[in-house]
Amino acid sequence: MNKDNVKLAIAPIGWTNDDMPELGSENTFQQTVSEMALAGFTGSEVGSKYPKDPAVLKPMLDIRGIQICNAWFSTFFANGDKAKTIDEFTHHMNFLHAMGARVIGCSEQSKSIQGTTLAVLEQKPIFSDEEWRLTAEGYNELAEIAAKKGMRVTLHHHMGTGIQTPAEIDRFMESTNQNVGLLYDTGHIYYSEGSQQAMLDVLTQYLPRIFHVHLKDVRDSVVAEVREKSLSFLDGVKKGTFTVPGDGVIDFKPVFKILDDYGYKGWMVVEAEQDPALANPFEYAVKARKYIRENTGL
């Protein structure tokens, strides 16, 4: 892949899980970003332990050669919380802009069950026509706000949310303007559909609107247990649903080729939340970096 086009980052969720702070509570911010740099990554997303003041955070990352490339933002348009969402988005956007990021990864969290005990494969929310309308209108507005700062908005399709399946991604993309992008996540599509081909189809279909990429692998054996026992999303995470590229069932070679052939420009982010007590974050970061180097030349 073209080193001038693609940069590599890793998410801190492998060190400390913001949804389950007990996972990795012992890992400090400084340890996290130091190990990211040592493993060979030049970018990071933002975790709960990161300083919130750019004047404090930026020098601590600069000295390690790490740049912030994105940070999760929860939207609640389908719930009707437009004004609150836009107000909080503006603050979030300004922080990311100050940190040098130019992409904002958003997830529509209205009715989401990802943080609950509900069965993720059986009880995901389904949006009504009105909820779809509110969501699309909201994201169109966010994209316009971001564009004024030279930034781009993406929708992170996610397990346990109203925008999880390829059909739901299709409806979202068809309902929004071209300047609303997709945060393409290999693991979440594979988890949802259990299919490498479905994962590649979404990638191919929306290449012009994919502004950010998450590289996440999946363990089929854990997904099978989640299905058999009607487990929640977080139950699966603790058991090891996700892992780093090259350690699970997904073949990333065609993913890399499709992105490279298209001329994708942006970040690829290793994001594989696991229990750090079971999967040492630094060891898995090194494993991921080696796999990507061997298969992309980056």
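As a reminder, the structure under discussion sits directly above these lines.
Everything numeric here is computed off the predicted structure, so don't read it as measured data.

**Let's talk about the environment of Ile292**
Along the polypeptide, Ile292 turns up in helix α11 (residues 281-296). Along the backbone, Ile292 and Asp251 are 41 residues apart, and their C-alpha atoms lie at a distance of 12 Å. Those residues in contact with Ile292 that sit more than four places away from it in its chain are Leu8, Leu215, Phe256, Val270 and Gly297.

**Description of the packing of helix α1 (residues 29-39) against α11**
Remark: α1 packs on α11, axes separated minimally by 9 Å, with the N-to-C direction vectors making an angle of 30 degrees. When the interaxial angle is binned, α1 and α11 end up roughly parallel. Note on packing geometry: the crossing formed by α1 with α11 is right-handed. Taken together, the residues of α11 that come into contact with α1 (itself represented by Glu35, Leu38 and Ala39) are Phe282, Ala285, Val286 and Arg289. Class assignment of the residues belonging to the contact of α1 with α11 gives a composition of five nonpolar, no polar and two charged.

**Quick notes on empty space enclosed by the protein**
Applying the stated criterion across every chain, the model contains two cavities of 30 Å³ or more. For the lining of the largest cavity, the element with the highest residue contribution is α11, accounting for three residues. Of the residues that constitute the lining of the largest cavity, the class distribution is 10 nonpolar, two polar and one charged. Each pocket or cavity is described by its volume, and for the second largest cavity that value is around 70 Å³. Along the lines of polarity and charge, the residues of the lining of the second largest cavity split into four nonpolar, six polar and two charged.

**Thoughts on the nonpolar core**
The nonpolar side chains of soluble globular proteins are, as a tendency, buried together. One finds Ile68, Phe89, Leu259 and Met268 to be the most contacted residues of the largest nonpolar core, which totals 90 residues. One finds Ala9, Ala11, Cys69 and Trp267 within the second-largest nonpolar core, a separate group that totals six residues.

**A word on unusual backbone geometry**
The backbone of Lys111 shows a phi angle near 65 degrees, a positive value even though the residue is not glycine. Considering the arrangement of structural elements, one finds Lys111 in the loop between β5 (103-108) and α4 (129-147). Even without a glycine there, the phi angle at Ser230 is positive, about 55 degrees. The residue Ser230 is located in the loop between α8 (220-229) and α9 (233-239) in this model. For Ser230, a relative accessible area of 32% corresponds to the partly exposed category.

Each value, and the rule that gives it
Here, residues in each chain are numbered from 1, in the same order as that chain's written sequence. Residues qualify for local features only when their pLDDT is at least 70, as the model is predicted, and side-chain atom pairs are given and counted only at 80 or more; totals for whole chains, interfaces and linings, by contrast, use all residues. Based on all heavy atoms of the structure, the side-chain values leave hydrogens and waters out of the count. Helix numbering and strand numbering both begin at the N terminus, where a helix is a DSSP run of H or I of at least 4 residues and a strand a DSSP run of E of at least 2. Here, residues are in contact when the closest pair of their heavy atoms is within 4.5 Å. Only the stretch in contact is used when fitting a helix axis, every axis being a line fitted to C-alpha atoms; angles between N-to-C directions are given from 0 to 180 degrees. Geometric relationships in this document are graded by angle, where less than 35 degrees denotes roughly parallel, more than 145 denotes roughly antiparallel, 65 to 115 denotes roughly perpendicular, and other angles denote oblique. With the far helix as reference, a near helix turned anticlockwise by less than a right angle produces a left-handed crossing, and one turned clockwise produces a right-handed crossing. Ten residue types, Ala, Val, Leu, Ile, Met, Phe, Trp, Tyr, Cys and Pro, are classed as nonpolar, four, Asp, Glu, Lys and Arg, as charged, and the remainder, Gly among them, as polar. For cavity detection a 1 Å grid was placed over the protein atoms alone, and a set of points counts as a cavity when a 1.4 Å probe fits there but cannot get out; an open set counts as a pocket when protein lies on both sides within 12 Å along at least five of seven lines, with lining residues being those that have an atom within 4 Å of a point. Grid points are joined across faces, edges and corners, and a volume is the space filled by probe spheres set on the points. Residues belong to a common nonpolar core when they are buried Ala, Val, Leu, Ile, Met, Phe, Trp, Tyr or Cys residues joined through side-chain atoms within 4.5 Å. Think of it in three bands: with a 1.4 Å probe and only protein chains considered, a residue is buried below 20% of the maximum accessible area for its type, exposed above 50%, and partly exposed in between.

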